[in-house]
Amino acid sequence: MSQSKEKFYITTAIAYASRKPHIGNTYEVIMTDAVARFKRMMGYDVYFLTGTDEHGEKIEVLANDAGITPQTYVDGVSGEIRKLWDMMNTSYDQFIRTTNENHVKVVQHLFKKFYDQGDIYKDEYEGWYCVPCESFFTETQALENGKCPDCGAQMTRKKEEAYYFRMHAYQDRLLAYIESHPDFIEPESRKKEMINNFIKPGLQDLCVSRTSFKWGIPVTFDDKHVVYVWLDALTNYITALGYDVDEKGALYQKYWPADVHMIGKDITRFHTIYWPIFLMAMGEPLPKKVFCHPWFLFGNDKMSKSKGNVLYADQLVEKFGVDGVRHYCLAEMPYASDGNITIESLIKRYNADLANNLGNLVNRTITMTKKYFDGIIPAPNAEEPLDDELKTCAKQTYDGVVNAMNTYHVADAVEILFGLYSRANKYIDETAPWVLAKDESKKARLGTVLYHLLETIRLGACLTAPFMPATADAIFKQLGCDNRTYAWGGLTAGASVGEPEVLFARIDEKKMIAEIEEEQKENARAAAIANAALKEAPQKGKEEPAAEPIQPEITFDSFMKNDLRCALVTACEPVAKSDKLLKLQLDLGGESRQVVSGIAKCYQPDDLIGKKVILVANLAPAKLRGVESCGMILAGGEDDHIKVVFLPDDMPLGTRIR
RNA sequence: CGCGGAGUAGAGCAGCCUGGUAGCUCGUCGGGCUCAUAACCCGGAGGUCAUGAGGUUCAAAUCCCAUCUCCGCAACCA
């Protein structure tokens, strides 16, 4: 401990403990881990923080559905997430949970402090309030004369109290900071997005408390309120270090400000606007960098439960191993644009990089050492000019990897590293050890070649450690050496290598794809059965309350208030500047109606024209995107999976449906 | 005219900031080798770098302008 090492504080976003994270979420932890391990290797004193975000309405609802307390729910999910991170061999120093007692206490202190110093103020939110729906609606949502957009009832003007954070007051300081720290937000495009979309138009004060649900950190001086999400979640980065309002703590003093927050691009706004402003209000320094990584898509689709295309890390680990999955994620994700996961590319990359290039190289080299030298590492005393190329490559690989990693171009770093293994394979071809072995007089040369190969593999293993720690260990074991210093000549001649073992067995692509398809069918079947079971007995499934809960019972009379009619779609066109809305002209036998419907993602106008649909004929009119909508047509599903209910062609127009 | 990004060989990407032989991986075709996991090595084919007989320049994938298409964010989702 003579020299204090330079510190490096790195964090992932905390994962929302509502459900098991998919491979896209897992990517973030893997990537952050690779950087953390790399920095440790470079001699930094690294502190790597990850954890779970455990409050909020959604979790409250999920727990209720499951019939358990939110705390119990969150204990389960958080534990699962942590297990997943552990399985992926991530080297975090701390796993924080926002239900952690200390975190809760500090958030409360901060809230109070902000309130006392005038950054947080209590205001009355005034808006239209619908009593039956127990909800607020904005001016633009409300229908004419203040009718409820949900149920059509007459709403009242109502005031509700809420706490707001004076974001606006810090706007200029934030902009100045971002502009004077060009590296603060990366990639660059995200920075522009933030500045142009949010900061320059003027920051809105942020609502930082809620009264509509209970599962959150209570505001100490006003117990109707709980602290709303981001003030709670973001502060994990410092509460984890023991920060408190009047007692900063040793870890905090040592590690703050963060060197980099690794986050998904979807939460850029919170990390590059609100979080810095909270810190300014605390009088604390801002993080040095927020790196907004892209997302993994499945094929070309966003991964989503409803599309049934979600991949989970543990599932992939079964097929490809921990390092197979780590390697794929790290090598495949581009720097700024979204990456695509497909099973085919997973297999291809696994075979090409891991089995053929790296695995086979190690295997053939160790085997030759066994075969020609009884496993004793020979001395390199018959060098030839050709060898310099290999050494130069090793040197350049190091520089290249360091360079790429320092700018978080992880995929580039991996590619450069594998270039070294590739060069070593070529070296075998150039030197043809099996030919040298036939000539006793070339023994010294043969030994030199093998030494160079073993040494190159050793150096490669040093650099592989941050990406695939277990594989690096396995390579060192086969080399019979654990010298992880990146300098040519670290292997000791005369020592013994270990036993050759296959690092990555080749995967039969066709066979595995067939296997996976089979599993997916099975999963689909299981899901279908589970869904059916849910419908019959709407009990509480813990994971994924897939079906929307059944609404409270109503009487026949109240149902009959809905006037449903058979109507013909006579014309249909998209609504300008909207990607979900279609404007439909309906004929219900004499009367015609204009209706706007949010189904454009699923239907083309031509799909609808000439079809008969069910119209809710007595729904209060509304304006959508400025277009008048008088009624709605019945459809099921959400987002990208909406199905309109069509009626038989021979049903007369205007027929009442019940 | 909301903001931003992207369009480069069959596929996936790099190069663009700091103009000057268009590169990598997979696939494909041909050859070599046998130490090794049917692996490894070499070579070929395949690109008018979205479009504009546009602008700047001795020189444009790279800088500027216009158009088209896709994506993300925002808005909208009766």
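Shown above is the structure to which this text applies.
In this text the structure is predicted, and so the values were computed from the model without any measurement.

Draft legend 1. Representation of the overall build of chain A within the structure. Counting secondary structure elements, chain A contains 20 helices and 28 strands. Accessible surface, chain A as shown: approximately 30900 Å² in total, 50% of it carbon and sulfur.

Draft legend 2. Just empty space enclosed by the protein, in detail. This model, assessed by the stated rule, comprises one cavity of 30 Å³ or more. Put simply, the largest cavity is a space of about 50 Å³. Taken together, Asp53, His55, Gly56, Phe213, Trp215, Gly216, Val227, Tyr228, Val229 and Asp232 make up the lining of the largest cavity. By residue class, the composition of the lining of the largest cavity is five nonpolar, three polar and two charged.

Draft legend 3. Layout of the side chain of Asn425. Within the secondary structure layout, Asn425 lies in helix α14 (residues 410-431). Reaching out from Asn425, the side chain makes a polar contact with the side chain of Arg364 at a distance of 2.8 Å. With sequence-adjacent residues up to four places away left out, Asn425 is seen in contact with Asn356, Asn357, Leu361 and Arg364.

Draft legend 4. Examining the sheet that holds strand β10 (residues 209-210) more closely. On the basis of which strands lie adjacent, the open sheet formed by three strands has the order β10-β12-β11 and antiparallel pairing. Both outer strands of the open sheet, β10 and β11 (217-218), are each paired with one neighbouring strand and no more. Bridge count between β10 and strand β12 (residues 226-227): two bridges; the pairing is antiparallel. Its bridge partner being in β12, Ser209 is matched across the sheet by Val227.

Draft legend 5. Structural detail: the packing of aromatic side chains. A complete count under the given rule lists 28 aromatic pairs for this structure. Between Phe111 and Tyr163, the ring centres sit 5.5 Å apart and the planes meet at 80 degrees, which makes this aromatic pair edge-to-face. Of this pair, Phe111 sits in helix α4 (residues 101-116) while Tyr163 sits in strand β7 (residues 156-165), placing them 52 residues apart in sequence. We note that Phe111, like Tyr163, is buried. Taken together, the ring pairs connect Tyr9, Tyr47, Tyr237, Tyr243, Tyr252, Tyr255, Trp256 and Trp275 into an aromatic cluster. The positively charged end of Arg210 is found above the aromatic ring belonging to Tyr228, 3.7 Å away from the centroid. Lys611 extends its terminal NZ or CZ atom over the ring of Phe646, reaching a point 4.8 Å from the ring centre.

Draft legend 6. Representation of the environment of Asn562 in the model. Tracing the sequence through the fold places Asn562 in the loop between α19 (556-559) and β18 (564-574). Between the C-alpha atoms of Asn562 and Gln585, which are 23 residues apart in sequence, the distance is 20 Å. Among all residues touching Asn562, those that are not within four sequence positions of it are Asn618 and Arg656.

Draft legend 7. Structural view of the pairing of strand β19 (residues 582-587). By the alternation rule, side chains of β19 split into Leu582, Leu584 and Leu586, which are all buried, and Lys583, Gln585 and Asp587, of which none is buried. As paired elements, β19 and strand β20 (residues 592-597) share six bridges and run antiparallel to each other. Looking at the pairing, Gln585 lines up with Gln594 of β20. Count of turn residues in the β19/β20 antiparallel hairpin: four residues, of which Gly589 carries a positive phi of about 80 degrees.

Draft legend 8. Quick peek at the pattern of salt bridges. Counted by the stated rule, this structure contains 30 salt bridges. A salt bridge links Lys348 to Glu509; the nearest nitrogen and oxygen atoms lie 3.7 Å apart. Here Lys348 is found in helix α12 (residues 343-373), whereas its partner Glu509 is found in helix α18 (residues 509-536), with 161 residues between them in sequence. Classification of Glu509 as partly exposed rests on a relative accessible area of 25%.

Draft legend 9. Representation of the packing of α12 against α14 within the structure. Put simply, α12 and α14 touch, their axes get as near as 10 Å, and they point 45 degrees apart. It follows from the interaxial angle that α12 and α14 lie oblique. Judged by the twist between their axes, the crossing of α12 over α14 is left-handed. On the side of α12, the interface is formed by Asp353, Leu354, Asn356, Asn357, Leu358, Leu361, Arg364, Thr365 and Met368, while α14 contributes Phe418, Tyr421, Ser422, Ala424, Asn425 and Ile428.

Cut-offs used in this document
Residues numbered from 1 in each chain as written. Chains lettered and ligands numbered in written order. Predicted model: local features only at pLDDT ≥ 70, side-chain atom pairs only at ≥ 80, totals over all residues. Heavy atoms only, no water. Helix = DSSP H or I, 4+ residues; strand = E, 2+ residues; numbered from the N terminus. Areas by Shrake-Rupley, 256 points an atom, 1.4 Å probe, with all protein chains shown as cover. 1 Å grid on protein atoms, 1.4 Å probe; cavity = no way out; pocket = protein on both sides within 12 Å on 5 of 7 lines; lining within 4 Å. Points joined across faces, edges and corners; volume = space filled by probe spheres on them. Nonpolar A, V, L, I, M, F, W, Y, C, P; charged D, E, K, R; others polar. Polar contact = N/O pair within 3.5 Å; in protein donor to acceptor, adjacent residues only side chain to side chain. Contact = heavy atoms within 4.5 Å. Pairing = 2+ DSSP bridges. Phe/Tyr/Trp six-rings, centres within 6.5 Å; stacked < 30°, edge-to-face > 60°. Buried < 20%, exposed > 50% of the residue type's maximum accessible area, 1.4 Å probe, protein only. Lys NZ or Arg CZ within 6 Å of the ring centre and 35° of its normal. Salt bridge = Lys/Arg side-chain N within 4 Å of Asp/Glu carboxyl O. Axes fitted to C-alpha atoms, helices over the stretch in contact; angles between N-to-C directions. Parallel < 35°, antiparallel > 145°, perpendicular 65-115°, else oblique. Left-handed = near helix turned anticlockwise from the far one by under 90°.

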